[in-house]
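Given next are the chains, with one letter for each unit.
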Amino acid sequence: MPKVLITGSACQRFTGGRSELEVSATTFRRLVLELEQRFPGLGKQVEEGMAVAIDGEIFQDAYSATFGPDSEVVLIPKIGGG
Amino acid sequence: MNYIPSDLKVVGTRPIRPDGVEKVTGRAQFGADMRVAGMIWGKVLRSPHAHAKILSIDTSKAEKLPGVRAVVTSKDLPHIANEEAFVGEGPMNFRDLSRNCLAWDKALYEGHAIAAVAANSQAIADAAIALIDVKYEVLPYVIDVEDAMADNAPILHEDLFTAGVEPKPTKPSNIAKKVVFRKGDPDAGFKDADVIVEGRYTTQPVHQAYIEPHACVCSYNSDGQVTIYSSSQGHFMVRAYCAKLLGLNISNIRAVAMEIGGGFGGKTLVYLEPVAIALSKKSGRPVKMQMTRDEVFRASGPTSGATIEVKLGAKKDGTIVAAQEILKYQAGAFPGSPIGPGCMCGFAMYDIPNVDVVGYDVVSNRPKVAAYRAPGAPISSWAVECAVDDLARKLGVDPIALREQNGARNGTKTHYGPTHQNIGFLATLEAAKNHAHWKAPLKPGQGRGIACGFWFNIGGESSAGCHIAEDGTVVAVSGNPDIGGSRASIGMMVAEVLGVPAEKVRTIIPDTSSIGFSFLTGGSRVTFATGMAATQAAERVVEDLKRRAAQIWEIPVEAVEWKDGQAVPAGSNAGAFEPLDIAAIATKAGRTGGPIGAEVSLNAQGAGPGFGVHIVDVEVDHETGAVKILRYTAIQDVGKAIHPSYVEGQIQGGAAQGIGWALNEEYIYDKNGKMDNAGFLDYRVPVASDMPMIEAVMVEIPNPRHPFGARGVGEVPIIPPMAAIGNAIRSATGLRMHDLPMSPPKVRAALDAVAPKMAAE
């Protein structure tokens, strides 16, 4: 199953401090729904406020992204620049 | 498709910059140059107090002054709900953005906009400003970040409660947010360490110091159509923010990107445009507004000042086993410092198993901070890279060797989660180690320092196009204002795809009604993302040109190849035809399907991160405390340099700004919370005579997610200079400076403090 890593407090506050989850979703949109169902508020937070790194690659907007059963999905803050 | 480096004929060359002649002859039209028929002038009344309740604003005398056509306060803007969205360079709270453009019930910093006037002339507008009567209740203020975090600090916002802590606070605080990143077991890591170094560092807010002030001309027509001419890092950003702040339909606003005289992140917000539109609506005339330099400093965003505590633990063999950082960033009057990237960047260059990073976003009575090149990263890396230098000294090892031993490589998992891929950090360290600068002897009294920097780079939504003119010349269109040479790089990528010289392509930036949406110019994303869109548009044009050649020759399109700017038969079986160049095909465009062109809009992902290593030699004048930069070399992984001269310029510019941040630049406040140095005489940026030639060394590790291998290059070079210079001062004098800027008074004081001890020794 894909593994979701939560390294920062922005999302850990929804999971009671858990930093690693296994999920059944294999698309970003399904992941948002699953996270919202399991940890109310987290799905919305991920969809609106977070970027994700899927197997190391950062997606500022992962709406259409898919991932495999062995993928690692890391939730990180969105990144801007100067 | 990805292009093979050895096949490139245009990408990687150095054609003359397309905007150069207009700029050096003074004909380029910057925001402040714009004038339109019937235009009047707007001016802003600003708070003289660092923190005050606004009891009343009486504009009646100003309104009666002959020549005054409109006066506005925040009551003329819709009151916006506390709503946050990620639409600019970070999460944007539109209520705060509105309150920053025109204060609601409180002035939150000296220079905060209170009201604005539009009049027939600047002189009348100035006179009218003086006639506005504002009654204030002056409140206690707080400037320093740690003072603002104290329990008894004056509170800026009664509805601000610290996010990111449990249980949820019940008392308001100036700490807007706490963020934590943790990897492994930091406590166990430090217990396991043989050597520990730690330090407490500070930085002061520094301004982006763009030469061109914020300026705009805005016209609100009686039919509700709005036109904005302004200098910004994103005309689509200006359009979106103004629509939100004024309750307008986005499609009713046409924003025109003027030339921009520097932004560096500071022009990713709006300050004047919504006010000018409100004044234009009220007066029925186009309104021009332009900040003075004084206003730029007092009212537009610097980057954060900060306090950083750093601790590193290593084994005797040099392996870093634990790292900790506590960062406290000033956000200015409203939440939103770059604390997130600050927390992520400091240790991103290293492979450390146990990491603990805690960050605080803190409001105080200063102008709201804005993005500045690699927002947050230079502050964090200033502390980390000084600590790495201290660790190398304590271990008795070469600082490059220590970094090579612990440096991030492909497959290194960062403390904030993602795993590095296709990175060039070790290659930049190798280039530094082998550079003549690193091996050159130093004279007595001189010191050498080295430091590194990391930035993510970003992609995002972009639109670009490619159109073939009737004579076969090419127009490329980009949805992004050109700050750092993107017209050149986009034109060159289009030329490469089409197989024509760069000079045959003219790149322009249309207004927001004439091209698809593009996210703003920032995060070093335009050559990567908009360049990707332009490349795809040119590829579509090539496919169309091939189709038309096939039509002219009456052969299948599969039998046509595109080679060196010409359609040629794919082989002898395709038939014997003379090649058709773009001009030949363009002359028959009307008969083969009409005009030739394509526009591509995409959301680019896969921006490759960048790494930099800077080497600097300094000499310290023990009498004055002045630090002289003797030699400076900046090495950077740039992916593939599309136009190497522009890339070198980005590296040199970032290093120069970092040198100013290191040695001189700071906001100085008086005892009443008012800025004391709001001008370039007293806020000292480096000038040419301060600087040696900065040697830029490009290490090209192509980004496989870009057709030509490009990475963003504009952020990284501002990250290493402060620590590199601090490490060089340490090398020259034996002093570890902990506070920026390392200006003559501070260096002299530090030298004086150790003089008796040194004399005794």
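First things first, this report covers the structure right here in the doc. (Residues numbered from 1 in each chain as written. Chains lettered and ligands numbered in written order. Predicted model: local features only at pLDDT ≥ 70, side-chain atom pairs only at ≥ 80, totals over all residues.)

We now examine the overall build of chain B. Counting its regular elements, chain B contains 20 helices and 28 strands. In terms of C-alpha radius of gyration, chain B reaches 27 Å, essentially the compact-globule figure of 27 Å for 761 residues. Taken along its principal axes, the extent of the C-alpha atoms in chain B is 90 × 75 × 50 Å. Within chain B, the fraction of its 761 residues that count as buried is 57%. When contacts within chain B are restricted to residue pairs at least 6 apart in sequence, those whose partners lie at least 24 apart make up 79%. (Helix = DSSP H or I, 4+ residues; strand = E, 2+ residues; numbered from the N terminus. Rg over C-alpha atoms; globule rule 2.2 N^0.38 Å. Buried ≥ 20, exposed ≤ 12 C-beta atoms within 10 Å, placed from the backbone. Contact = placed C-beta atoms within 7 Å.)

All right, on to the overall build of chain A then. Looking only at helices and strands, one finds three helices and five strands in chain A. Relative to its length of 82 residues, chain A is compact, with a C-alpha radius of gyration of 11 Å against a globular reference of 12 Å. Its C-alpha atoms give chain A principal-axis dimensions of roughly 35 × 25 × 20 Å. Residues counted as buried form 44% of the 82 residues belonging to chain A. A sequence separation of at least 24 residues applies to 50% of the contacts in chain A between residues at least 6 apart.

As a further point, take the pairing of strand β11 (residues 215–220) of chain B. All names here are of chain B. Taken across its six residues, β11 has six buried, putting it largely inside the fold. Relative to strand β14 (residues 287–290), β11 is paired through four bridges, and the arrangement is antiparallel. Looking at β14, one finds that Val-217 is bridged to Lys-288. Bridging between β11 and strand β12 (residues 226–230) involves five bridges; their strand directions are antiparallel. The residue bridging Cys-216 from the neighbouring strand is Ser-230, located in β12. (Pairing = 2+ DSSP bridges.)

Residues and elements named next belong to chain B. The sheet built from three strands is open, its strands ordered β6-β2-β8 with antiparallel pairing. Taken across any chain shown, the strands that pair with only one partner, and hence form the sheet edges, are β6 (106–107) and β8 (133–138). Taken together, the six bridges between strand β2 (residues 52–58) and β8 define a ladder with antiparallel strand orientation. By the bridge assignment for β8, Asp-58 is matched with Asp-133.

Turning our attention to the packing of helix α12 (residues 399–406) of chain B against helix α13 (residues 425–434) of chain B. Residues and elements named next belong to chain B. Packing of α12 against α13 brings their axes to within 10 Å, and their N-to-C directions diverge by 160°. Overall, the two elements α12 and α13 adopt an arrangement that is roughly antiparallel. You can see that α12 and α13 cross each other, and the crossing is left-handed. Contact residues: Ile-400, Arg-403 and Glu-404 in α12; Leu-426, Leu-429, Ala-432 and Lys-433 in α13. (Axes fitted to C-alpha atoms, helices over the stretch in contact; angles between N-to-C directions. Parallel < 35°, antiparallel > 145°, perpendicular 65-115°, else oblique. Left-handed = near helix turned anticlockwise from the far one by under 90°.)

A separate point is the interface of chain B and chain A. Many descriptions give the size of an interface as the accessible area lost when the pieces come together. Between chain B and chain A, the contact holds 38 residues from the first and 22 residues from the second. Residue assignment for the side of chain B that touches chain A shows that the elements contributing at least two residues are β9 (175–183) and α10 (339–345) of chain B. Top contributing element to the side of chain B that touches chain A by residue count: β9(B), with five residues. In terms of residue class, the side of chain B that touches chain A is made up of 15 nonpolar, 16 polar and seven charged. (Nonpolar A, V, L, I, M, F, W, Y, C, P; charged D, E, K, R; others polar.)

The next subject is the sheet that holds strand β27 (residues 627–637) of chain B. Residue and element names in this part refer to chain B. The strand order β18-β26-β27-β28 describes an open sheet built from four strands, whose pairing is mixed. In the strand order of this sheet, the two ends are held by β18 (446–455) and β28 (694–699), each with one partner. The average angle at which neighbouring strand axes cross in this sheet is 15°, direction not considered. Pairing of β18 with strand β26 (residues 610–620), which is carried by ten bridges, proceeds in the antiparallel orientation. Among the inter-strand pairings, Ile-450 is bridged to a residue of β26, identified as Ile-615.

On to the nonpolar core. Of all hydrophobic cores here, the largest spans 267 residues; its most connected members are B:Val275, B:Val494 and B:Ile725. Take this core: its biggest share by element is eleven residues, from helix α16 (residues 526–553) of chain B. (Core = buried A, V, L, I, M, F, W, Y, C linked by C-beta atoms within 7 Å.)

Residue and element names in this part refer to chain B. Those residues of helix α4 (residues 122–131) not exposed but buried are Ile-124, Ala-125, Ala-128 and Ile-129. Down the axis of α4, the sector holding all buried residues measures 140°, keeping them to one side. Facing away from the buried side of α4 by more than 90 degrees, the exposed set consists of Ala-123 and Ala-130. Residues of α4 that are buried sit in contact with β1 (40–46), α2 (60–64), β3 (68–72) and β7 (113–119). (Arc of directions from axis to C-beta.)

Looking along a regular strand, one sees side chains alternate from face to face of the sheet. Residue and element names in this part refer to chain B. Sheet analysis places strand β22 (residues 560–563) next to strand β23 (residues 566–569), joined by four bridges and oriented antiparallel. Counterpart to Trp-562 in the pairing with β23 is Ala-567. Direction of pairing for β23 relative to strand β24 (residues 580–581): antiparallel, over a ladder of two bridges. Opposite Ala-567, over in β24, you have Leu-580 as the bridge partner.

All names here are of chain A. Relative to the assigned elements, Ser-24 resides in the loop between β2 (20–22) and α2 (28–38). Classification of Ser-24 by C-beta neighbours within 10 Å gives exposed; the count is 10. Considering only alpha carbons, one finds Ser-24 and Pro-2, 22 residues apart in sequence, at a separation of 6.7 Å. When residues no more than four places from it in sequence are discounted, the contact partners of Ser-24 are Met-1 and Glu-34.

A separate point is helix α3 (residues 94–101) of chain B. Here α3(B) lies mainly inside the structure; six of its eight residues are buried. Of the residues making up α3(B), those classed as buried are B:Asp96, B:Leu97, B:Ser98, B:Arg99, B:Asn100 and B:Cys101.

Residues and elements named next belong to chain B. A cis amide bond links Glu-166 with the next residue in sequence, Pro-167, at an omega value of -5°. Locating Pro-167 in the fold gives a position in the loop between α5 (145–149) and β9. The phi torsion at Ser-524 lies on the positive side, around 55°, for a residue other than glycine. Its location among the elements puts Ser-524 in the loop between β21 (505–508) and α16.

This part covers the environment of B:Ile694. Residues and elements named next belong to chain B. For Ile-694, the position within the fold is in strand β28. Residue classification places Ile-694 among the buried positions, given that 22 C-beta atoms sit within 10 Å. With near-sequence residues (within four places) excluded, Ile-694 lies in contact with Tyr-632, Ala-634, Gln-652, Ala-655 and Ala-656.

Bringing the environment of B:Asp356 into the picture now. All names here are of chain B. The topology assignment puts Asp-356 in strand β17 (residues 355–363). Residue Asp-356 is classed as buried on the basis of its 22 C-beta neighbours within 10 Å. Separated by 32 residues in sequence, Asp-356 and Gln-324 have C-alpha atoms that sit 4.7 Å apart. Once you skip the residues sitting within four places of it in the chain, Asp-356 turns out to touch Arg-182, Pro-186 and Gln-324.

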